[in-house]
Amino acid sequence: MPVLALCLLWALAMVAQPASVAPVGGTELARHEELTLLFHGTLQLGQALNGVYRTTETRLAKARSNLGLYGRTVELLRQEVSQGREAAQELRASLLETQKEEDILQLHAEATAEVLGEVAQAQKVLQDSVRQLEVQLRSAWLGHAYQELEALKAHADKQSHILWALAGHMQRQRREMAAQQHRLRQVQERLHTAALPA
């Protein structure tokens with residue numbers, strides 16, 4: 001609106017200037033028509049400027065609204081990125097913990113396998129001893145050898161029971177390791193999915 005006021009002042013100044021230098025013999029009617037045309041043009045100019053002002057104001061309001069939406073969108077994206085980073089950190093921590101548990105299970109499995117090997121070897125030695133005693137008993141039925149044979153058989157049965165229990169423990173550990181590896185793969189897949197760009 002200050003621009004409109006300046007335009008009106010300029011128009012009035014332009015009207016006043018020719019009037020001061022106009023010849024005294026000019027007609028009043030011509031001056032009146034000039035003033036009417038001038039004011040009409042000034043009015044049209046003012047209306048045009050007013051329209052431009054309103055259009056500009058509307059565009060500015062729309063731009064402010066769009067800018068606000070953009071700012072909110074950027075903030076939401078920042079929050080999502082932050083949440084994604086936190087989720088990735090949690091998944092990495094879970095992955096490390098799962099890997100540690102898998103390492104412990106692997107060590108237990110190796111130790112159990114070693115014990116099973118030793119027990120199997122001891123059982124083989126016992127079975128060999130039992131066979132040797134059976135041969136001796138066939139050649140001569142001696143009471144002491146028979147008692148020793150029975151003791152060895154009992155010991156062999158006990159070793160077999162221990163071996164059977166250890167084998168069951170070994171199977172349980174294998175199942176636990178399989179479940180642990182499945183969980184590890186799931187965590188790795190989740191970590192890979194979280195690392196992908198949205």
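For the protein chain, the helix and strand inventory stands at 3 helices and 0 strands. For the protein chain, the sequential pattern of α-helices and β-strands runs α-α-α. The proportion of buried residues among the 198 residues of the protein chain is 16%. Carbon and sulfur atoms form 61% of the exposed surface of the protein chain, whose accessible area is close to 15,500 Å².

The predicted model of the protein chain averages 76 in pLDDT, with 79% of residues at 70 or higher. Considering only residues more than four positions removed or in separate chains, one finds that residues 18-25, a stretch of pLDDT under 50, has 1 contact.

In this section: the pattern of salt bridges. Applying the stated criterion across every chain yields a total of 2 salt bridges. Here arginine 78 ties to glutamate 75 by a salt bridge, and the two come within 4.0 Å at their closest N and O atoms. Here the residue arginine 78 and the residue glutamate 75 both occupy positions in helix H2 (residues 28-139), the gap between them amounting to 3 residues, near one helical turn. Exposure remark for glutamate 75: the relative accessible area of 38% places this residue in the partly exposed category. Note that lysine 124 is salt-bridged to aspartate 128, the shortest N-O span being 3.5 Å. In this pair, lysine 124 and aspartate 128 are both assigned in helix H2, 4 residues apart and thus about one turn of the helix distant. Under the relative-accessibility criterion, lysine 124 is labelled partly exposed at 45%. Overall, aspartate 128 belongs to the partly exposed group, its relative accessible area being 25%.

Secondary-structure assignment places valine 115 in helix H2. Residue classification places valine 115 among the partly exposed positions, given a relative accessible area of 36%.

To continue, consider the side chain of glutamine 159. Looking at the element boundaries, glutamine 159 is found in helix H3 (residues 143-195). Taking relative accessible area as the criterion, glutamine 159 reaches 15% and is therefore assigned buried. Excluding its chain neighbours within four sequence positions, the residues that come into contact with glutamine 159 are Val119 and Leu126.

For serine 160, the position within the fold is in helix H3. Judged by its relative accessible area of 29%, serine 160 is partly exposed. For the pair serine 160 and valine 119, spaced 41 residues apart in sequence, the C-alpha to C-alpha distance is 8.5 Å.

We now examine the side chain of glutamine 180. Tracing the sequence through the fold places glutamine 180 in helix H3. The class of glutamine 180 is buried, set by a relative accessible area of 2%. Discounting chain neighbours no more than four positions away, the residues touching glutamine 180 are Thr98, Glu101, Glu102 and Leu105.

What counts and how
Residues numbered from 1 in each chain as written. Predicted model: local features only at pLDDT ≥ 70, side-chain atom pairs only at ≥ 80, totals over all residues. Heavy atoms only, no water. Helix = DSSP H or I, 4+ residues; strand = E, 2+ residues; numbered from the N terminus. Buried < 20%, exposed > 50% of the residue type's maximum accessible area, 1.4 Å probe, protein only. Areas by Shrake-Rupley, 256 points an atom, 1.4 Å probe, with all protein chains shown as cover. pLDDT = per-residue confidence, 0-100. Contact = heavy atoms within 4.5 Å. Salt bridge = Lys/Arg side-chain N within 4 Å of Asp/Glu carboxyl O.

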